[in-house]
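# Analysis of the macromolecular model
Chain residues, written in single-letter form:
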Amino acid sequence: MLADNWGWGAGPESFKGLYPWYQTAGFTADHAHQWYLQFWLEYGLLSLIVFGRFIKKIMVKSVQEPYNQAILILIAAFLTFGLVESWSEHLFLGGYFWLLVGILISLQMEETVYG
C-alpha cells in the first residue's frame with residue numbers, strides 16, 4: 001500500500017478501505033500496527049516529515065525547562081509506543097497525546113509572553 005501511495009498518501013481513514021485489496025488470505029486488520037506507517041499511508045511522506053519536524057521543534061525548545069521534563073517524557077513514550085501500535089486509533093490515547101503537545105506549546109508561549 002505504501003509503494004502505491006508513498007508521496008501524498010491515500011487520505012484520512014483510508015486504511016480500512018484499501019487493506020482488503022492488499023491483504024493476505026485469512027488475515028484481517030482494522031489499522032496498521034505501527035502509527036508511523038499508518039500516518040504515512042494516510043497522509044503521505046511529506047506530512048510525516050512535517051509532523052516529525054514539528055514535534056522535534058517543540059521538544060527541543062522545551063528540553064531546557066525543568067518543569068517540562070515530565071511532559072516531554074510522556075510525549076516521548078507516545079512516540080516510542082507508536083513504533084509498535086497505532087495509538088491514534090484509540091481516541092482516548094490520541095486525545096491525550098495532543099493534549100500533552102498543546103500543554104507543552106502553551107508553556108512555551110507563557111515563557112515568551114511572561115519570560
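Since this is a predicted model, take the numbers as computed values, not measurements. (Residues numbered from 1 in each chain as written. Predicted model: local features only at pLDDT ≥ 70, side-chain atom pairs only at ≥ 80, totals over all residues. Heavy atoms only, no water.)

On to the overall build of the protein. Helices and strands together make up the secondary structure of the protein, namely 6 helices and 0 strands. The order of helices and strands in the protein, counted from the N terminus, is α-α-α-α-α-α. With 115 residues in all, the protein has 33% of them scored as buried. For the protein, the share of sequence-separated contacts (at least 6 apart) that also reach a separation of at least 24 residues comes to 65%. (Helix = DSSP H or I, 4+ residues; strand = E, 2+ residues; numbered from the N terminus. Buried < 20%, exposed > 50% of the residue type's maximum accessible area, 1.4 Å probe, protein only. Contact = heavy atoms within 4.5 Å.)

Ranked by internal contacts, the top residues of the largest apolar core, which has 17 residues, are Phe51, Ile55, Met59, Ile75, Leu79 and Phe97. Contributing elements (two or more residues each) for this core: α3 (35-43), α4 (45-62), α5 (69-81) and α6 (91-114). (Core = buried A, V, L, I, M, F, W, Y, C linked by side-chain atoms within 4.5 Å.)

Summarising the element assignment, Glu13 is placed in the loop between α1 (2-5) and α2 (15-22). Residues Glu13 and Tyr43 lie 30 residues apart in sequence; the distance between their C-alpha atoms is 9.5 Å.

Below, the discussion takes up the packing of aromatic side chains. A complete count under the given rule lists 9 aromatic pairs for this structure. Their ring planes at 85° and their centres at 5.2 Å tell us that Trp35 and Tyr36 sit as a pair that is edge-to-face. Residue class for Tyr36 comes out partly exposed when judged on its relative accessible area of 22%. Between Phe51 and Trp98 the ring centres are 6.0 Å apart and the planes differ by 70°, which places this aromatic pair in the edge-to-face class. You can see Phe51 sitting in helix α4 and its partner Trp98 sitting in helix α6, a full 47 residues away along the chain. Of the residues examined, Phe51 reaches a relative accessible area of 9% and is grouped as buried. We classify Trp98 as partly exposed; its relative accessible area is 43%. The structure contains a cluster of three or more aromatic residues connected by ring pairs, namely Trp35, Tyr36, Phe39, Tyr43, Phe51, Phe78, Phe97 and Trp98. (Phe/Tyr/Trp six-rings, centres within 6.5 Å; stacked < 30°, edge-to-face > 60°.)

We now examine a nonpolar patch on the surface. Taken together, the side chains of Phe81, Leu83, Val84, Phe92, Leu93, Tyr96, Leu99 and Ile103 present a nonpolar region at the surface, about 750 Å² in accessible area. A per-element tally of the nonpolar patch places α6 first, with 5 residues. A relative accessible area of 40% means that Tyr96 is categorised as partly exposed. (Patch = residues over 30% accessible without salt bridge, like charges linked within 9 Å, V, L, I, M, F, W, Y side chains within 5 Å. Areas by Shrake-Rupley, 256 points an atom, 1.4 Å probe, with all protein chains shown as cover. Salt bridge = Lys/Arg side-chain N within 4 Å of Asp/Glu carboxyl O.)

Further remarks concern the packing of α3 against α4. Put simply, α3 and α4 touch, their axes get as near as 7 Å, and they point 130° apart. Taken together, the axes of α3 and α4 lie oblique to each other. Residue-level inspection shows Trp35, Tyr36, Phe39, Trp40 and Tyr43 of α3 in contact with α4, the latter providing Leu45, Ser47, Leu48 and Phe51. (Axes fitted to C-alpha atoms, helices over the stretch in contact; angles between N-to-C directions. Parallel < 35°, antiparallel > 145°, perpendicular 65-115°, else oblique.)

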